[in-house]
Amino acid sequence: MAVLQTIDTLAPIREKIEAGERLDFEDGLTLMETDDLLALGELADLARRARGGGDEVYFVQNLYLNQTNVCRVKCKFCAFAKTRKQEESYTISADELVDDAVRQHAVASFTEIHCVNGENPHVDLEFYADVLRKLRAALPDVHLKFYTASEIHHMSMLEGCSHEDVLRVLQDAGLGSLPGGGAEIFADRVRQLIAPGKEHPDDWFDVHDTAHKLGIPTHCTLLYGHVETYEERVDHLLRLRAQQDATGGFLAFIPLAFHPENTVFERRGFKFTTGADDLKMIAVSRLLLDNVEHVKAYWIMMGLPMAQVALHFGADDVQGTVVREQIFQAAGASSGTEQKVPELVRFVRDAGRVPVQRDTLYNELRRW
Ligand code: SF4
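In this text, all values refer to a predicted model and were calculated from it rather than measured experimentally. (Residues numbered from 1 in each chain as written. Predicted model: local features only at pLDDT ≥ 70, side-chain atom pairs only at ≥ 80, totals over all residues. Heavy atoms only, no water.)

(A) The arrangement of the sheet that holds strand S9 (residues 354–358) in detail. Ordered by their spatial adjacency, 4 strands build an open sheet running S8-S1-S9-S10, and the pairing between neighbours is mixed. Every interior strand has two partners, whereas the edge strands, strand S8 (317–320) and strand S10 (364–367), have only one. Strand-to-strand, the axes of this sheet are offset by a mean angle of 25 degrees, without reference to chain direction. With 2 bridges joining them, strand S1 (residues 56–60) and S8 adopt parallel strand pairing. Bridged to Val 60 within S8 is Gly 320. (Pairing = 2+ DSSP bridges. Helix = DSSP H or I, 4+ residues; strand = E, 2+ residues; numbered from the N terminus. Axes fitted to C-alpha atoms, helices over the stretch in contact; angles between N-to-C directions.)

Written out as structure tokens, the structure reads:
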């Protein structure tokens, strides 16, 4: 009886997918509330393929760097940020960071550097522009995916200028794209509970809107598995979809599972998300975000075995080699900090899909 009810619930959504119709808020909620995980995965894969997706699964060779973990904000879900007085705090100069990246490049030959930071009130815009300029000179073929919308907003507040002014300075210095962090959950209720010191979602959107108009592609995210409701997840996804309709500059969507270790929430008894919720989040994202081409199963967050399953729930990207990730490691991720290309290739192939190494902009570099 339960199975019959589930089939009835998802049937109208399947009809919409097959007819190429857009799903709405109520559909999103129905998808979030279903317990029929396998039907959900099958539906997400159907939608992915109906919109032109094939067997390719993408990954990039990338290095993760952080210039500073000093942060003024104190988000309650964050295990990365420190105050300047804390022993573990650091602020790395441009020269040190560039030397480090050049040394790493000699052994890991990455095509992208992904860099996010705390909102450090003790450095200025030139600190950020300087490292981009020096990296572009030292590693001209490496794409610089630097600074979340929250950081861009923070820089604009410190400098007393607009998001556009900051982005133009950084673009001139070598900025290639923006990562998607800082989005968390857009609903005011959740933001007040988990990140009351963070910028308003309107500012997050204005940064991405402005970046897209300047020709800077960006990524988008959602942080799930804390205090948010299903309604708030769906609302978040639909706001991203509306932005993509307007400017089309999101390269990929990455659902990020909340990791409670070393945060306030660990003391309150919050647990890691379950595999079922991770797969549901991937599938519903794929179904609702009909205009964002790629959905990533971020292996460092969910582990490679679960990321492999997620490839059958609508994901078509496993992110990358991720040399030196620190943010999820600080919050208790147990997936290691680096993955070699042959291992990623093995996992993708064993999932029955075709591994494709890409650059940041999804140009194909190599296929296995
Ligand atoms: S999530 Fe970002 S803004 Fe929030 S405390 Fe951590 S480093 Fe600071």
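Resuming the write-up.
(B) The arrangement of the sheet that holds strand S2 (residues 62–65) in detail. In space, the 3 strands of this open sheet follow the order S2-S3-S4, with parallel pairing throughout. Strand pairing shows two members of the sheet lacking a second neighbour, S2 and strand S4 (143–146), which therefore form its edges. Across the sheet, the axes of successive neighbouring strands diverge by a mean angle of 20 degrees, strand direction being ignored. Where S2 and strand S3 (residues 112–115) come together, 4 bridges link them in parallel fashion. Residue pairing in the sheet places Tyr 64 in a bridge with His 114 of S3. On top of the sheet, helix H4 (residues 94–108) reaches S2 and S3; it is set at about 155 degrees to S2, its chief contact. The strands that helix H5 (residues 125–138) touches are S3 and S4; relative to S4, the one it contacts most, it runs at about 160 degrees. (Contact = heavy atoms within 4.5 Å.)

(C) Main features of the layout of surface pockets. Computed from the structure, the largest pocket encloses a volume of approximately 240 Å³. If you go around the largest pocket, you meet 15 residues; those closest to its centre are Arg 51, Gly 52, Gly 53, Glu 293 and Asp 316. Going through the elements one at a time, helix H3 (37–50) and S1 are the ones with two or more residues in the lining of the largest pocket. Its residues placed into classes, the lining of the largest pocket shows 3 nonpolar, 5 polar and 7 charged. Each pocket or cavity is described by its volume, and for the second largest pocket that value is around 190 Å³. Lining the second largest pocket are Cys 71, Lys 74, Cys 75, Cys 78, Ala 79, Ala 81, Lys 82, Thr 83 and Gln 86. Here the lining of the second largest pocket is composed, by residue class, of 5 nonpolar, 2 polar and 2 charged. (1 Å grid on protein atoms, 1.4 Å probe; cavity = no way out; pocket = protein on both sides within 12 Å on 5 of 7 lines; lining within 4 Å. Points joined across faces, edges and corners; volume = space filled by probe spheres on them. Nonpolar A, V, L, I, M, F, W, Y, C, P; charged D, E, K, R; others polar.)

(D) Spatial organisation of the packing of H5 against helix H7 (residues 163–173). Here H5 crosses H7 at 25 degrees, and the two axes come no closer than 8 Å. Classified by the interaxial angle, the pair formed by H5 and H7 is roughly parallel. The crossing of H5 and H7 is right-handed. For the pair H5 and H7, the contacting residues are Leu 125, Tyr 128, Ala 129, Leu 132, Arg 133 and Arg 136 in the first and Val 166, Val 169, Leu 170, Gln 171, Asp 172 and Ala 173 in the second. Taken together, the residues of the contact of H5 with H7 break down into 8 nonpolar, 1 polar and 3 charged. (Parallel < 35°, antiparallel > 145°, perpendicular 65-115°, else oblique. Left-handed = near helix turned anticlockwise from the far one by under 90°.)

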